[in-house]
Amino acid sequence: LAPKDLAGHTVLVTAGPTREELDPVRFISNYSSGKMGYALAKSAAQRGARVILVSGPVSMAAPYGVELVNVNSAKEMREAVLQRAEECTVIIKAAAVADYRPTERSSIKIKKQSDERTINLIKNPDILAELGTLKKRPYLVGFAAETGKLREFGLKKLKEKNADMIVANDVSQPDAGFNVETNRALLLFQGGREVDCQLMSKEALAGEILNHILAELK
Ligand code: C5P
């Protein structure tokens, strides 16, 4: 039986990809499966936290006992998260939010035309960075999915987004990152502390991340 060491905490986890629609039948997205975020939500709930899971479209059922909020786009995810941020003691942003969305969304299906076409994109709001500016802010954990230079890019995100912890992982490895059962990560904290987590299941890594959050909150 898991210790109820997160009792009294409200943990919001975002998970999965976002979908940025071009028209009623097409969208831009990414390969995020939601597995890491769902493992975090499940583990936090088992450890006694109230868990709000804000999820992009994934093919998994929500873990037992969590409050599921389904969203599609980055803008919808932002609304869902900001609305609930004040209730939270911890927010973990495991979602792979699309950095850009199509500038325009057609309300009718776009027809086939010339051989070449251009899609214009506009930057999405950075949800984690926005949370980082809140006056009374929860403990903030971000993810950095990179294909190299983990420490460098992770530290940059820690600073720029004013997060408390960044979980940096290399998604170019076949046994880590998107859509696999295992992960390895470099945990980077404000103040310069680092923890290297070797290859383990996403469940085990979720447990490690929650242990560190709990230790930091004390
Ligand atoms: O996309 P990026 O590498 O900047 O993502 C780093 C962290 O910021 C992740 O935790 C991600 O969920 C979050 N993020 C966000 N809103 C965005 C882009 C990223 O909250 N528009």
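Residues numbered from 1 in each chain as written. Predicted model: local features only at pLDDT ≥ 70, side-chain atom pairs only at ≥ 80, totals over all residues. Heavy atoms only, no water.

As recorded in an unreviewed UniProt entry, the protein chain goes by Coenzyme A biosynthesis bifunctional protein CoaBC and comes from Pelotalea chapellei.

1. Let's talk about the sheet that holds strand β6 (residues 90-93)
Sheet strands line up and pair through hydrogen bonds in the backbone, either parallel or antiparallel. One open sheet holds the eight strands; their spatial order is β5-β4-β1-β6-β9-β10-β11-β12, and the pairing between them is mixed. The sheet is open, and its two edges are formed by β5 (67-70) and β12 (194-201), each paired on a single side. The mean inter-strand angle of the sheet, taken between neighbouring strand axes irrespective of direction, is 15°. (Pairing = 2+ DSSP bridges. Helix = DSSP H or I, 4+ residues; strand = E, 2+ residues; numbered from the N terminus. Axes fitted to C-alpha atoms, helices over the stretch in contact; angles between N-to-C directions.)

2. As for the site of the ligand
Surrounding the ligand, one finds Lys-93, Ala-95, Val-97, Asp-99, Pro-125, Asp-126, Ile-127, Leu-128, Gly-142, Phe-143, Lys-157 and Lys-161. Between the ligand and Ile-127 there is a distance of 3.0 Å, counted from a nitrogen atom to a backbone nitrogen or oxygen. For the ligand, an oxygen atom lies 2.8 Å from a polar atom in the backbone of Phe-143. Surface burial for the ligand is 89%, taken as the share of its 440 Å² of free accessible area covered by protein chains. Those elements that place two or more of their residues in the shell around the ligand are α3 (127-132) and β9 (139-146). (Near = heavy atom within 4 Å. Polar contact = N/O pair within 3.5 Å; in protein donor to acceptor, adjacent residues only side chain to side chain. Areas by Shrake-Rupley, 256 points an atom, 1.4 Å probe, with all protein chains shown as cover.)

3. Some words on the confidence of the model for the protein chain
On average, residues of the protein chain score 95 in pLDDT, and 100% of them reach the 70 mark or higher. Scored as a complex, the prediction yields pTM 0.95 and ipTM 0.94. (pLDDT = per-residue confidence, 0-100.)

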